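Commentary on secondary and tertiary structure
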There are 2 protein chains.
Amino acid sequence: MHPDEFRRHAHVLVDWMADYLRDVGSLPVTPGVAPGDIRRQVPEEPPLDPEPFERLFEDFRRVVLPGMTHWNHPGWFAYFPGNNSAPSILGEMLTATLGAQCMSWVTSPAATELEQVMMDWLRQMMGLPPGFVGVIQDTASTATLVALLSARERATGGRAGAAGLAAAGAEAPLAVYASREAHSSIDKAVKLAGYGLDLLRHIETDDAFALRPEALARALEADRAAGIRPACVVATVGTTSSTAIDPLRPIAEQCRRAGAWLHVDAAYAGAAAIVPELRPLFDGIEAADSLVFNPHKWLLTNFDCSAYFVRDPAALLATFQATPEYLRTAYDADVVNFRDWGIQLGRRFRALKLWFVIRSYGVEGLRAIIRRHVALARELAAWVAEDPAFELVAPVRFGLVCFRWRPAGRTEEEIDALNARLLMEVNATRERYLTHTRLGGRYVIRLVVGQRATEREHVQRAWEAVRLAVGRLG
Amino acid sequence: MHPDEFRRHAHVLVDWMADYLRDVGSLPVTPGVAPGDIRRQVPEEPPLDPEPFERLFEDFRRVVLPGMTHWNHPGWFAYFPGNNSAPSILGEMLTATLGAQCMSWVTSPAATELEQVMMDWLRQMMGLPPGFVGVIQDTASTATLVALLSARERATGGRAGAAGLAAAGAEAPLAVYASREAHSSIDKAVKLAGYGLDLLRHIETDDAFALRPEALARALEADRAAGIRPACVVATVGTTSSTAIDPLRPIAEQCRRAGAWLHVDAAYAGAAAIVPELRPLFDGIEAADSLVFNPHKWLLTNFDCSAYFVRDPAALLATFQATPEYLRTAYDADVVNFRDWGIQLGRRFRALKLWFVIRSYGVEGLRAIIRRHVALARELAAWVAEDPAFELVAPVRFGLVCFRWRPAGRTEEEIDALNARLLMEVNATRERYLTHTRLGGRYVIRLVVGQRATEREHVQRAWEAVRLAVGRLG
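Conventions and cut-offs
Throughout this document, residue positions are counted from 1 along each chain, in the order its sequence is written. As they are written, the chains are lettered A onward and the ligands numbered 1 onward, keeping that order. Since the coordinates come from a predicted model, pLDDT governs what is reported: local features require at least 70, and pairs of side-chain atoms require 80 or more to be given and counted, while whole-chain, interface and lining totals use all residues. We count a stretch as a helix when DSSP gives it H or I for four or more residues in a row; a strand needs E for two or more, and each element gets its number in order from the N terminus. Using C-alpha atoms as the atom set, the radius of gyration is obtained and then compared with a globule rule of 2.2 Å times the number of residues to the power 0.38. Buried residues are those with 20 or more other C-beta atoms within 10 Å of their own C-beta, exposed residues have 12 or fewer, and partly exposed residues lie in between; C-beta atoms are placed from the backbone. In this description, a residue-residue contact is defined by the distance between C-beta atoms placed from the backbone, which must lie within 7 Å. For this classification, the nonpolar set comprises Ala, Val, Leu, Ile, Met, Phe, Trp, Tyr, Cys and Pro, the charged set comprises Asp, Glu, Lys and Arg, and every other residue, Gly included, is treated as polar. Residue ranges for the domains trace back to a domain assignment, done automatically or taken from a database. Lines fitted to C-alpha atoms define the axes, with helix axes restricted to the stretch in contact, and inter-axis angles between N-to-C directions lie between 0 and 180 degrees. Any angle that is under 35 degrees is reported as roughly parallel, and any over 145 degrees as roughly antiparallel; angles of 65 to 115 degrees are reported as roughly perpendicular and all others as oblique. Left-handed describes a crossing whose near helix is turned anticlockwise from the far helix by less than a right angle; the clockwise case is right-handed. One less than the residue count of a helix, multiplied by 1.5 Å, gives the span that helix is expected to have. Read the arc as the range of directions from the helix axis to the C-beta atoms. In this scheme, strands are said to pair when DSSP sees at least two bridges between them. Copies are brought into register by a least-squares superposition over C-alpha atoms of residues with pLDDT of at least 70 in both.

We now examine the overall build of chain A. In terms of helices and strands, chain A carries 15 helices and twelve strands. For 474 residues, the compact-globule estimate of 2.2 N^0.38 gives 23 Å, and chain A sits close to it at 24 Å. Once the C-alpha set of chain A is aligned to its principal axes, its extents read approximately 70 × 60 × 45 Å. A burial count over chain A gives 61% of its 474 residues as buried.

Now for the interface of chain B and chain A. Taken together, the 126 residues of chain B in the interface contact 127 residues of chain A. Ranked by the residues each element gives to the side of chain B that touches chain A, the list is headed by helix α1 (residues 3-23) of chain B, at 15 residues. Residue composition of the side of chain B that touches chain A, by class: 69 nonpolar, 35 polar and 22 charged.

Residue and element names in this part refer to chain A. Segmentation of chain A into domains returns domain 1 (1-30 + 69-83 + 362-474) and domain 2 (100-348). Inter-centroid distance (C-alpha atoms) of domain 1 to domain 2 is 29 Å. Facing the 19 residues of domain 1 at the interface are 22 residues of domain 2. Listing elements by their share of the side of domain 1 that touches domain 2, those giving two or more residues are α13 (351-386), β10 (400-405) and β11 (433-439). Ranked by residues supplied to the side of domain 1 that touches domain 2, first place goes to α13 with five residues. Of the residues belonging to the side of domain 1 that touches domain 2, the class tally is eleven nonpolar, four polar and four charged.

Residues and elements named next belong to chain B. Between helix α13 (residues 351-386) and helix α15 (residues 456-473), the least distance of the axes is 10 Å, while the angle of their chain directions is 25°. Between α13 and α15, the angle falls in the class roughly parallel. Along this stretch, α13 crosses α15, giving a crossing that reads as right-handed. Contact residues: α13 offers L376, L380 and W383, while α15 offers R456, V459 and W463. In terms of residue class, the contact of α13 with α15 is built from five nonpolar, no polar and one charged.

Let's shift gears to helix α9 (residues 213-225) of chain A. All names here are of chain A. With 13 residues, α9 should cover 18 Å at 1.5 Å per step; its first-to-last C-alpha distance of 18 Å lies within 8% of that length. All of the buried residues along α9 are L216, L220 and D223. All buried residues of α9 project into a common sector of 65° when viewed along the axis, lining one side. Exposed and oriented more than 90 degrees from the buried face of α9 are A222 and A225. Packed against the buried residues of α9 are β3 (174-179), β4 (200-203), β5 (229-236) and α10 (248-258). Phi turns positive one or two residues past the end of α9, at G227, with a value near 80°.

With that settled, consider the sheet that holds strand β11 (residues 433-439) of chain B. Strand pairing in a sheet relies on backbone hydrogen bonds. The paired strands run either parallel or antiparallel. Residues and elements named next belong to chain B. With respect to topology, five strands assemble into an open sheet ordered β1-β11-β12-β10-β9, the strand pairing being mixed. Unpaired on one side and paired on the other, β1 (76-77) and β9 (390-392) mark the two borders of the sheet. Bridge count for β1 against β11 is two bridges, and the pairing is parallel. Bridge pairing links W76 to Y433 in β11. Against the sheet, α13 makes contact with β9, β10 (400-405) and β12 (442-448), and its axis sits at roughly 15° relative to β10, the strand it touches most. Packing of helix α14 (residues 412-428) onto the sheet brings it into contact with β10, β11 and β12, and relative to β12 it is tilted by some 30°.

Once chain B has been moved 0.0 Å along the axis and rotated by 180°, it coincides with chain A to within an RMSD of 0.0 Å. The symmetry that links the two subunits is that of a two-fold axis. Among all C-alpha atoms of chain B, that of A166 of chain B lies closest to the rotation axis, at 2.0 Å.

Residue and element names in this part refer to chain B. Taken in spatial order, the seven strands of this open sheet run β2-β8-β7-β6-β5-β3-β4, and their pairing is mixed. Here the strands that pair on one side only, and so sit at the sheet edges, are β2 (133-137) and β4 (200-203). The mean inter-strand angle of the sheet, taken between neighbouring strand axes irrespective of direction, is 20°. In this sheet, strand β6 (residues 261-265) lies alongside strand β5 (residues 229-236) in parallel orientation, the contact comprising five bridges. Counterpart to T236 in the pairing with β6 is D265.

Structure, rendered in C-alpha cells:
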C-alpha cells in the first residue's frame, strides 16, 4: 500500500474513529452473538491475492464490530474498567507508525528515556518515595509473575535460577502468602514460578474481606517451624471481588521480620493514589518491595500499560538480565536496557501514550475523573443501603459497589440463584454490562463506576434497571 | 478531549504518518544522541494542568523523533527486521480505538474468533498439518517460556505446578537441551521456569552452526544414565547469530524416544515457510510439540504479534488455565478463552492487524516480499564471496549474510578488532544500520535484508559503504 493510499484510508478511519468515540454509548455494550457466529463469516482459507482496503474496512464494520464488547461504553460497569482516551489513541497511532522495538536503549533511546521519566511521573503522582523506580509491563499478571520470580531468586540467593528449584528448594521449600480474596493471577504465578500451588497460603480475611494480619503471622510462624521459608507475601489494595484493602503496615512489618518479599497488587486501585484524599487507603505502601498498578484500567491509557515499581532494581536485573553477544553495545554501562527488567525481550513504545495522557488531562484532570467515579459509587451505595430489598455486601472504597438482592423468606441458595437471574435480566437489554462474583460464598452483583464517559445519569439508569428487574422477578 | 478535537488532531497525525512512511528513508536510521539527551528535555515533574495537543505533537517531533531508531528505514540491516506496514498500522488504529481487553470470549467474541481463524490461516500458509492450533503471544521470549512451562508440567504430570519443583524434581531433576547457538531467551526461560541454568545442556554445533544430533543423543543418554529426566529440547530454524537450521527430523526422533517435548524456535525464519520453495528448510517441523514464529519480524505486522502453535492444547490449558468466579460465564464450555493459553490475563485485539495484512497483500504478495529479500541476500553473499578481502562466515539460508573482513597478515584477535571498527565506520553515516555477533568465537558483521522497503539499491550501497570503509581502515 503506497503512503498516499494509506493517507486516504487512514483519513476515512479517523472519521469513523471520532464517530465511534462520540457514539459508542448508543451501541449495545455487549454483542448479540453466539459462539461461532463470527468465525463462520470469515473464509476458512487465506486469500492468495490482494484485496482492496475498502472491502477490509467494510468487513470490519459488518463482521467484527457487531461481535465486539464495547469496553469504552458509558454503560460499562463490568469487571474493572479498561479505559482508553483520545490522547492515548493518538499516542498509539504514532507508536504503530514508528514501529520501533524498544528492547534496548540503543534500539530507540527516546523510548527508553521517556519510559524512565513517565514512570517517575507516575511515582510522584502516587506519592511513592524517590527510592522506587519503574518499568512498564504489559499486564498485572506479568508484573506479579516478575515479582514472584524476583522473590524466588532473592530467597535462594540466585540458586533457583542457577541450580534449579529442585536443588535450591531441597533443604527448605519456599512458600508464598496472599489473602483468600487475592487475584487468580497470584495462584497462576505461584504455579508458573515453580513454588507449587500447595505452597501458596491463602490467608483468611476479616468482615471487610481484607487479610487478617494475625492469621498471616500464624501462617508464617507455622511454616518457619516446619522448615519452610517464607519467600513472598502478596498484599492487595483493591481486590477484584470487592476492592478490599489489605493492611499494608502490619503486613510489611511481618515481611521485614520474616525476610519475605512484599509485593503489592494495586492493579485497579493504584490509580486512586493520585488523589490526595484517597491516599490514606494506601498507608504503608512505601514498604513494598514491588508494586503493580494498571494505567490501562483507570488512568485513561490504552491497554496494555501496567506500571511496575521496585525498590531494588538489582534484584530485577539478577533475575532477568541476559546479554548475548549480538545485543552488546558500547552504551550498556551508561544506560538502562529495559529488556532486562522483565520477561520479554521485545518491547513496544508504550511510554508515548502515557506522556500524551498525563499532559492532555494534567494531574488535576485525571484526579477529577477518579473523584467523580468514586463519588458516584458512594452515591449508588447510599441508594442501595436505603433500599430494604437490597444489601451492600462490602464497603465501598473506590468505584466498585457490591450488592445483593435479598428477598424475604428465601434461603441463601435461592437468593444466589435469584441474583444470578437478576444479573442476566439487567444485562439483557445490552444497554449496560454488570458482572458478578462470590463473597463469603454468596453470589454478589458487582457494579464498577470507572469508565471515562460514565456520568451520573448512567449510574442512575443502571440502578433503576436493577430495581425494575427486581420488580419483574419478585 | 472532545471527539471532534480528536478528529482534528488525528487528521493532522495521519498526514504526518503518511509522510513518515514515505520519507523515513531520508531520516538518519539511528539517532545521534548520547545517554540522557532525551531525558533532560522532559520536565522532571508531571504537569498539574492540561496542555493543548498541538504542544504535545510539537514535542513529539522536537524531542522524541530525533531520539528514535527507525526500524522501518530501508537501510535497516540490524538484528532481525521488525516490520510494520500500512495495513497493519490501520489495524492498530482500530484496535486502539475499540480499546477492548480480550481476555475471554465474552469480553469480545469477534477478537477471539478472528484470532482462531487468523492462526489457522497462518498454519495453512506455513504448511503445518491441521493438528496444530495457534494463539497470538506478544513475543517469542514469552512463547518459549510458555513452551518450557508446558514441558515442565508434562514431564512431572502436573506435580511441578501443584507440589512445586522442589518436591517434583526431588526424585529426578529435569533437563533442557538446545544448541550453543540457540537464542538467549531459552537460557532466560530455563532460569525463570525453575529448571536452573545448570540443567540447560548447550549442545555442540557443526560447521554450519546447526545442532549435531549425535551430540544431542549423547547428552540425552548421559542424563538418563545419571537419573536426570529430559523434559524439553528446543530446536531452532534460523538462529539469531547466523540463521542456522537445526535438523528437526533426527531431533524429533530423539525427543520421541526420550519422551521430551520438542519446541521449535523459528521466531525470525518461520515467515519464510510461506514460500513453497523455502519450505524444505523446515523439514520435520510437523513433529514439534510447539512452535513459535513472529509475524512482527518478517511478515509486515506491527510489533507485537508472535504466533505460537501447539499440537496439544490440553497441555497448555493444564499449565495456564485459571478460572476465578468473577470470570465464569455461561459460554465457557463452548468457547476458547485465550487468557488460558498463556501467561497474561489481559489481551489486546491483535488478530485484526493480521487480518488486514494478509488480505491487503494476499499470500502471494507476502511471498513475493520474502523471495525478494532472500534473493538480495544471496546476491550480496555472492559479492562477498567474490571479494578476497572478505569471508562469508555462515551459509545464507534466508535474509541474513554473516561476513568478516580478512586483511592478510593479522591475527584473529586483530581481525576481530578491525571488524568492530569497520562496523562502527559503516554505521557512522547513519544511512544504514548493521549489527554484529560472534560465531566460533570470532567477531562477525551481520547484514539482514528484511525491511519491507529495502530494495536492491539499498543493499548495493551498503556493500559499497563496507568496501569504502575497508579502504579507509586498511
